[in-house]
Amino acid sequence: MVIVLTFQGHPEKDAKAAKLKMRDAARWWGWDLNDPKVVEEVKGLMEMEHDGNWVWERVLEWVWEGMREEGEGGEGNELEWNL
């Protein structure tokens, strides 16, 4: 089985743009923006250069879940990826 997965980046979606959407994100993710620790943590996440490894790990988990559902991910059938 061959799986092709593509991504499209949005360079205009930088940390500054993300901070403008913090109220929306709080609603989506359930963050308490009245808590200064939460606000600082979220701002720190927005300043990361990238979250590629974390996102890629989750994408691979999702692919593996799909393969198992389709019967392709049995014992001895390992996915190998180099980050």
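Just so you know, these numbers come straight off a predicted model, no measurement behind them. (Residues numbered from 1 in each chain as written. Predicted model: local features only at pLDDT ≥ 70, side-chain atom pairs only at ≥ 80, totals over all residues. Heavy atoms only, no water.)

### Let's talk about the pattern of salt bridges
- All chains considered together, the criterion is met by 4 salt bridges.
- For E65, the salt bridge identified is with R58, shortest N-O distance 3.4 Å.
- Judged by its relative accessible area of 36%, E65 is partly exposed.
- You can call R58 partly exposed: its relative accessible area is 37%. (Salt bridge = Lys/Arg side-chain N within 4 Å of Asp/Glu carboxyl O. Buried < 20%, exposed > 50% of the residue type's maximum accessible area, 1.4 Å probe, protein only.)

### Concerning the nonpolar core
- Ranked by size, the top nonpolar core spans 6 residues in total: M22, A26, L33, V39, V42 and M46.
- Among the elements of the structure, α2 (22-29) and α3 (36-46) are those that each provide at least two residues to this core.
- Here the element with the most residues in this core is α3; it accounts for 3 residues.
- Filtering out sequence-adjacent residues up to four positions away, L33 remains in contact with M22, R23, A26 and V39. (Core = buried A, V, L, I, M, F, W, Y, C linked by side-chain atoms within 4.5 Å. Helix = DSSP H or I, 4+ residues; strand = E, 2+ residues; numbered from the N terminus. Contact = heavy atoms within 4.5 Å.)

### A word on the confidence of the model for the chain
- Across the chain, the average pLDDT comes to 76, with 78% of residues at or above 70.
- Here helix α1 (residues 15-20) stands out as the element of the chain with the lowest mean pLDDT, 78, in contrast to α3, whose mean of 86 is the highest. (pLDDT = per-residue confidence, 0-100.)

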